[in-house]
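# Overview (structure and organization)
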Amino acid sequence: MRSQLKYAIVIALAIAFPFITPDPDFWVSSGGTRALWLGVAALSMSFLNRNLGLMSLGQLFFSGVSGYIVAISSVMHGVKFGTSVPLAILAGTLSGVVIGWIALKTKGVYFFMLTLAVTLGLYSFANQAQEITRGHTGINSIPSPIILGMDFAYVKPLYYLFLGISVLLFALCKFVERTSFGIALKGVRDNEDRMISMGYRIMPLKMIAFVFSAFIASIAGVMGVFYVTNISPDSVGLLRSIDLLVIVVVGGATYLGGAFVGAVLIAVFEAIIQDFTVYYVGATGILFIVVLMLAPQGLMGINAQIRAKRAKSEGVSR
Amino acid sequence: MTQFVFTFLNGITLAGLYFLVASGLTLIFGLMRVINLAHGAFYLLAGYISWTVADKTNNWFYGAVVGALSLGVFGTLVYVLLLRKFQYEELRVALITLGVSLVLAQAMLAIFGGEYYQTNIPTPLSFTISVPGLGLSYPFFRIFVLLLAIAVAISLWIFITKTRYGAIIRAGVDDTTMVSALGINVQAVFIWIFFLGSLLVGFAGAVGGTTNSFGMGTDGDYLLFSLQVVIIGGLGSIGGVAIGSLLVGVIGQYAVGYFPTFAGIITFTMLILVLAFRPQGILGKKS
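### Let's talk about the overall build of chain B
Tallying secondary structure elements over chain B gives eleven helices and two strands in all. Secondary structure of chain B in N-to-C order comes out as α-α-α-α-β-β-α-α-α-α-α-α-α. What you see for chain B is a C-alpha radius of gyration of 19 Å, in line with the 19 Å of a compact globule of 287 residues. Dimensions along the principal axes, computed over C-alpha positions, put chain B at roughly 60 × 45 × 35 Å.

Right, here's the structure in full:
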C-alpha cells in the first residue's frame, strides 16, 4: 500500500510538473522530456541487471536499429509513422534475438564487453554506410508525429506522451517481475545450477528477458528520434552508451525506479552545468566515478547501504 | 592484383598495430581480471603526448619513449588510486575505467581541440620499398610497425614463458592466494603488470599516431578494435591477440577496400561467427 501511494505521488508530481516548474519552455523539454526518454532507455538496462544480473551496453544497439529505421523510412522514403514505428520496434526487438543468441552465452564482464562491442559496431556501420545512414551527418529534421490531430512538435504534448509511455513500461516491468516467469528469472540470476537441476531450461528464460529488454530499448530509440528530431552515429556512440550507464549506476542499478531517478538527476545536472562549462560530459564522468567508488548501489540504494554499514559497525562494537 | 596485394600489406601491417594496442589489454586482464575500458583513451592520450614531444624536440624516438613511459605511469596511478580497492569486483572496475575514459576524452578535447593530428615519420625511416614483380612501392614505416609488433610479441612470449617473472605471472593467473603464500608480493606484481600493459598501449599510441591520424573519437575506434581482437582471440592470451589482430586487421582491410559500406558489418559478422562456436574466443580458456 505504501509503495502504491509513493507511485501515485510521483506520477501526480510528474503530471503537474509543466505547470509548477519555473521557465517551463526550457525545463519541460530539457529536464522532463529528456529525462523520460533516457529513463526508458535506462529502464531496459535496469530490468536486465536487476532480474538477470547482466549489465548490457547493447541496449543502445536496439535503440539505434529502431531509431534509424524510423528516421530512414520517414525522411528518405516518406513512409508514414503508423507503419514505420511498429516496424522499427519489431525490428529492434527481433535484433535482440540475434544479439542475445551470442551474448547470453557469456556472463559478467565478458557480457558487458561483448555488448559494448555490439553497440560500437553499429556506430562504425552508421559512420561507414553513407548511402544508407548518410554517414557522420546523420538524418536531420525528422518530422514530429501528429496523432488524432495533436501535434507532438509542441513541448507539452510530447512530454505527456513520453510520461504515458514511461508509466506503462514501468508498470509492465513490475508486472513481468511478479509473474512466475519473473520469479524464475531471479532464480537464474541467483543460482543457475540450482535452476537447471530443478528442471528449468535456462537459455529460453534468459532469451525472453533479453528480447523483452530489447523491446523497451527499441521504444526508447523511437522516443529519441522524436525528441532530438535527428539521428547520427553519435546517437549510438561510446559517449551515449556511457551516458546511459551513468544514469543506471547513479540511480541505482538494482532498482527499476533507479533508471528514472538517475535520468532526472543527470538531465538536471547536465542542464545546469552546461551554463558553466562546455565540457559537461567530463563533469558527468567525475560524478560517475565518485558514485561508483562511494555508493555503488546508487541513489536508490543509499539507505540500504547506510543501514548495512550501521548494522556492521554495531556488530563490531558488540 | 595490385590492389589485392596492397590491401593485404595494409591489413597485415595494421594487424601489427592492433597487436601492440590489444596486447596491453589482454596482459592486464590475464593476470588481474581487470578490464581496462579506458584503453582507447590511453591510446589517444599517448598519441597526443608523443605528437607534442616529437613536435617540440623534432625527434620521433623521444616522442615514442615519452609517450610510452608517461602512459605507463599514468596507468599505474589510475590503478593504484581508483581500481586497486575494488580489484575483485570485475564489473565495478570496468565501469570505473569507463568513467576514466569519459573524463580523459573530455580533457583531451579541451586541450587539443577537435582537429586531427598525425606525427611525422622519422626521417631515417621515411622511404618506400618496392614490392618485387608488382611495380608497387610501399611505405617502409608500416613494415617497420609490423616488425616492431613481431619483436614485442616474441619478447612478451619469452618473458612470460621463459623467465622467473613470467612464471610468477602465470602462477598468479591460476592462483593468486597460493602465489602470495609463497612469499611473493602479489601487490607489487600487479602494479608492474599494470605499468607494463599501459606502457604497451602508450607505445602503440605513439606508433599508431604516426601511421594513422588521430583525434576526437579515435579512443572509441581503438577501444572497439581492441575489444574485437581480444574477444575473437580469447581474453588473456597473447597468442590469441596475435590471431585476433591478424583476422581483424586483414579481413577488416579487405572489407574496407572491397565493400566499404558493409565493412563494419563484415568484421562484426566474423566476431559473431567466432563466438557462436567458441564463446571464450579462439585461444581463450573456458572459465
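On we go from here.
### Structural notes on the overall build of chain A
A count of helical and extended segments in chain A gives 14 helices and two strands. Residue pairs in contact within chain A that sit at least 24 positions apart in sequence constitute 75% of those at least 6 positions apart.

### With respect to the interface of chain B and chain A
In this assembly, 35 residues from chain B lie in contact with 32 residues from chain A. For the side of chain B that touches chain A, the elements supplying multiple residues, two or more each, are α4 (90–112), α9 (218–233) and α11 (263–277) of chain B. Among the residues making up the side of chain B that touches chain A, the classes are represented as 27 nonpolar, six polar and two charged.

### Focus on the confidence of the model for chain B
For residues with low pLDDT, the predicted coordinates do not support detailed interpretation. Residue and element names in this part refer to chain B. For chain B, the average pLDDT comes to 88, and 99% of its residues sit at 70 or higher. At the low end of the mean pLDDT range in chain B sits α11, at 80; at the high end sits helix α2 (residues 39–57), at 95. Across the assembled chains, the prediction reports ipTM 0.84 with pTM 0.87.

### Digging into the packing of helix α2 (residues 24–52) of chain A against helix α12 (residues 256–273) of chain A
Residue and element names in this part refer to chain A. Where α2 contacts α12, the axes come no closer than 7 Å and their chain directions differ by 145 degrees. Pair α2 / α12 crosses with right-handed handedness. For the pair α2 and α12, the contacting residues are Ser30, Gly31, Arg34, Ala35, Leu38, Gly39, Ala42, Leu43, Ser46, Phe47 and Arg50 in the first and Leu256, Gly258, Ala259, Phe260, Gly262, Ala263, Val264, Ala267, Val268 and Ala271 in the second. Here the contact of α2 with α12 is composed, by residue class, of 13 nonpolar, six polar and two charged.

### Some details on the environment of A:Val250
Residue and element names in this part refer to chain A. Turning to its location among the elements, Val250 is positioned in helix α11 (residues 238–251). Put simply, Val250 and Val261 are eleven residues apart on the chain and 8.3 Å apart in space, counted from C-alpha to C-alpha. Leave out the neighbours within four places in its chain, and Val250 touches Gly262, Leu265, Ile266, Leu287, Phe288, Val291, Gly298 and Leu299.

### Some thoughts on the pairing of strand β2 (residues 136–139) of chain B
Judged from the four bridges that link them, strand β1 (residues 128–131) of chain B and β2(B) form a sheet pairing that is antiparallel. Note that in β2(B) the partner of B:Val131 across the bridge is B:Leu136.

### Details of α12(A)
Residue and element names in this part refer to chain A. A rise of 1.5 Å per residue sets the reference length of α12, with its 18 residues, at 26 Å; its end C-alpha atoms lie 26 Å apart and thus fit the reference within 8%. When we look at burial in α12, the residues that qualify are Leu256, Gly257, Gly258, Ala259, Phe260, Val261, Gly262, Ala263, Val264, Ile266 and Ala267. The secondary structure elements touched by the buried residues of α12 are α2, α7 (155–178), α11 and α13 (280–294).

### Some points on unusual backbone geometry
All names here are of chain B. Phi is positive for Arg33, which is not a glycine, with a value near 55 degrees. Topologically, Arg33 is positioned in the loop between α1 (2–32) and α2. Residue classification places Arg33 among the partly exposed positions, given that 19 C-beta atoms sit within 10 Å. In this structure, Asn58 takes a positive phi of about 60 degrees despite not being glycine. Relative to the assigned elements, Asn58 resides in the loop between α2 and α3 (60–83). Asn58 sits in the exposed class, given 12 other C-beta atoms within 10 Å.

### Observations regarding the environment of A:Leu104
All names here are of chain A. Of note, Leu104 is situated in the loop between α4 (81–103) and α5 (108–128). By C-beta crowding, Leu104 is classed as buried, having 20 other C-beta atoms within 10 Å. Between the C-alpha atoms of Leu104 and Ala12, which are 92 residues apart in sequence, the distance is 39 Å. Ignoring sequence-local partners within four residues, the contact set of Leu104 consists of Met203, Lys206, Met207 and Phe210.

### Notes on the environment of A:Lys174
Residue and element names in this part refer to chain A. Take Lys174: it is sitting in helix α7. Its 14 C-beta neighbours within 10 Å are what place Lys174 among the partly exposed residues. As for Lys174 and Arg50, which are separated by 124 residues in sequence, their C-alpha atoms are 11 Å apart.

Criteria and cut-off values
- Residues numbered from 1 in each chain as written.
- Chains lettered and ligands numbered in written order.
- Predicted model: local features only at pLDDT ≥ 70, side-chain atom pairs only at ≥ 80, totals over all residues.
- Helix = DSSP H or I, 4+ residues; strand = E, 2+ residues; numbered from the N terminus.
- Rg over C-alpha atoms; globule rule 2.2 N^0.38 Å.
- Contact = placed C-beta atoms within 7 Å.
- Nonpolar A, V, L, I, M, F, W, Y, C, P; charged D, E, K, R; others polar.
- pLDDT = per-residue confidence, 0-100.
- Axes fitted to C-alpha atoms, helices over the stretch in contact; angles between N-to-C directions.
- Left-handed = near helix turned anticlockwise from the far one by under 90°.
- Pairing = 2+ DSSP bridges.
- Expected span 1.5 Å × (residues − 1).
- Buried ≥ 20, exposed ≤ 12 C-beta atoms within 10 Å, placed from the backbone.

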